[in-house]
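What follows is the residue order along each chain.
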Amino acid sequence: LERVGRVAKITLNDPDKLNAMSASITEDFGRIVAQLCEDPSDLGAVVITGAGRAFSAGGDLTWLKRRSTDTPSRNSEIMNEFYGKFLCVRKLPLPVIAAINGPAIGA
């Protein structure tokens, strides 16, 4: 998380994997968004971007492949939690801007 004046800048930061959405990126993103939701009073907007040459390559295929070895019910629970951490961005009471700096893959 970087603050530039009244703008909070969130950078997906795993450029070697084109910022693929892994468990660690998900955890960090959810934690940062929760932090911003707690006290957004000094902010005017949030910008989300990716480090390196991509915004995000989508889901981390290695992590997703491992998910396929779990039971369907456990996998459903884990995947709902995983996606929920990205979708929490909708809870931000501020304008959110995606600074797409390269490929942006996924849902």
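Report on the accompanying structure.

The rules behind these values
Every chain is numbered on its own, with residues counted from 1 as its sequence reads. Residues qualify for local features only when their pLDDT is at least 70, as the model is predicted, and side-chain atom pairs are given and counted only at 80 or more; totals for whole chains, interfaces and linings, by contrast, use all residues. Only heavy atoms go into the side-chain values, all of them from the structure, while hydrogens and water stay out. Salt bridge, as used here: a side-chain nitrogen of Lys or Arg that lies within 4 Å of a carboxyl oxygen of Asp or Glu. Here the nonpolar core consists of buried residues drawn from Ala, Val, Leu, Ile, Met, Phe, Trp, Tyr and Cys, with membership extended through side-chain atoms lying within 4.5 Å. A simple rule labels every residue: compare its accessible area, found with a 1.4 Å probe on the protein chains alone, to the largest value its type can have, and call it buried under 20%, exposed over 50%, or partly exposed in between. What counts as a helix is a DSSP run of H or I of at least four residues, what counts as a strand is a run of E of at least two, and both are numbered from the N terminus. Contact criterion: two residues are considered in contact whenever any of their non-hydrogen atoms come within 4.5 Å of each other.

## Looking at the pattern of salt bridges
Reasoning step 1: Counted according to the given criterion, the structure contains eight salt bridges.
Reasoning step 2: Here the residues in one salt-bridge network are Glu27, Glu81 and Lys85, joined through shared partners.

## Some points on the nonpolar core
Reasoning step 1: Core analysis: the largest hydrophobic core is formed by 21 residues, its most contacted members being Ile10, Phe29, Val33, Leu36, Val46, Ile48 and Leu92.
Reasoning step 2: A per-element tally of this core places helix H1 (residues 23–38) first, with five residues.
Reasoning step 3: Setting aside residues up to four positions removed in sequence, isoleucine 10 forms contacts with Leu1, Phe29, Ile32, Val33, Leu36, Val46, Val47, Ile48 and Thr49.

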